[in-house]
Amino acid sequence: MITCYLRYIIDPYQLPAFEAYGKLWIRLVEKFGGEHHGYFMPSEGTSNVALAMFSFPSLAAYEDYRKRAATDPECQAAIAMNDKDRFIVSYERSFFRPVFEDDRGVRPLPRTLDDR
């Protein structure tokens with residue numbers, strides 16, 4: 001599995017436009033076989049940084065998604081949103097390999113807010 005981490009510098013005066021853009025990409029990543037882990041919008045502190053993370057089974061699957069997304073009309077429409085309104089100032093993309101097991105090979109059970 002490979003996880004793509006995106007760190008965006010965004011126009012803090014256009015948060016609703018960026019959030020709408022992010023909501024589109026959640027569906028679009030999943031349309032091409034990825035698992036989106038969400039967009040993380042500014043809340044307290046820095047007002048111009050947002051994050052997103054999504055995973056694909058392999059780097060080859062991610063590269064296939066990129067190739068297919070480049071010609072997909074819905075993906076092109078999402079990209080055009082930013083081309084028109086310029087709510088993304090810049091971004092950086094990094095890739096990570098997740099670790100889900102502890103040192104004994106045990107994968108922790110999912111936690112819920114009720115577990116607090």
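What you see is a predicted model, and the numbers here were worked out from it, not measured in a lab.

Another aspect to go through is the confidence of the model for the protein chain. Model confidence for the protein chain is summarised by a mean pLDDT of 92, while 94% of its residues fall at 70 or above. Summarising per-element confidence for the protein chain, the mean pLDDT is lowest in helix H3 (residues 73–85) (94) and highest in strand S1 (residues 2–10) (97).

Our next topic: the packing of aromatic side chains. Per the stated rule, a full pass over the model turns up 17 aromatic pairs. Here the aromatic rings of Phe18 and Phe87 are separated by 6.2 Å at their centres, their planes lie at 70 degrees, and the arrangement is edge-to-face. In this pair, Phe18 is assigned in helix H1 (residues 15–31) and Phe87 in the loop between H3 and strand S4 (88–96), connecting sequence segments 69 residues apart. Like Phe18, the residue Phe87 is buried in the burial classification. Ring centres 5.3 Å apart and planes at 65 degrees place the aromatic pair Tyr21 and Phe87 in the edge-to-face group. Taken together, the positions of Tyr21 in helix H1 and Phe87 in the loop between H3 and S4 put the pair 66 residues apart, joining distant regions of the chain. Accessibility assignment for this pair places Tyr21 and Phe87 in one class, buried.

Among the eight residues of strand S3 (residues 49–56), six are classified as buried, and the element is accordingly described as predominantly covered. With eight bridges connecting them, S1 and S3 associate as antiparallel partners. From the neighbouring strand, Ile2 faces S3, where its bridge partner is Phe56. Here four bridges tie strand S2 (residues 35–40) to S3, and the two strands are oriented antiparallel to one another. Paired with Glu35 across the strands is Ser55, a residue of S3.

Turning to its location among the elements, Glu101 is positioned in the segment after S4. By relative accessible area, Glu101 is classed as exposed at 51%. Spatially, the C-alpha atom of Glu101 lies 30 Å from that of Gly22, the residues being 79 residues apart in sequence. Setting aside residues up to four positions removed in sequence, Glu101 forms contacts with Val106 and Arg107.

Cut-off values and rules
Residues numbered from 1 in each chain as written. Predicted model: local features only at pLDDT ≥ 70, side-chain atom pairs only at ≥ 80, totals over all residues. Heavy atoms only, no water. pLDDT = per-residue confidence, 0-100. Helix = DSSP H or I, 4+ residues; strand = E, 2+ residues; numbered from the N terminus. Phe/Tyr/Trp six-rings, centres within 6.5 Å; stacked < 30°, edge-to-face > 60°. Buried < 20%, exposed > 50% of the residue type's maximum accessible area, 1.4 Å probe, protein only. Pairing = 2+ DSSP bridges. Contact = heavy atoms within 4.5 Å.

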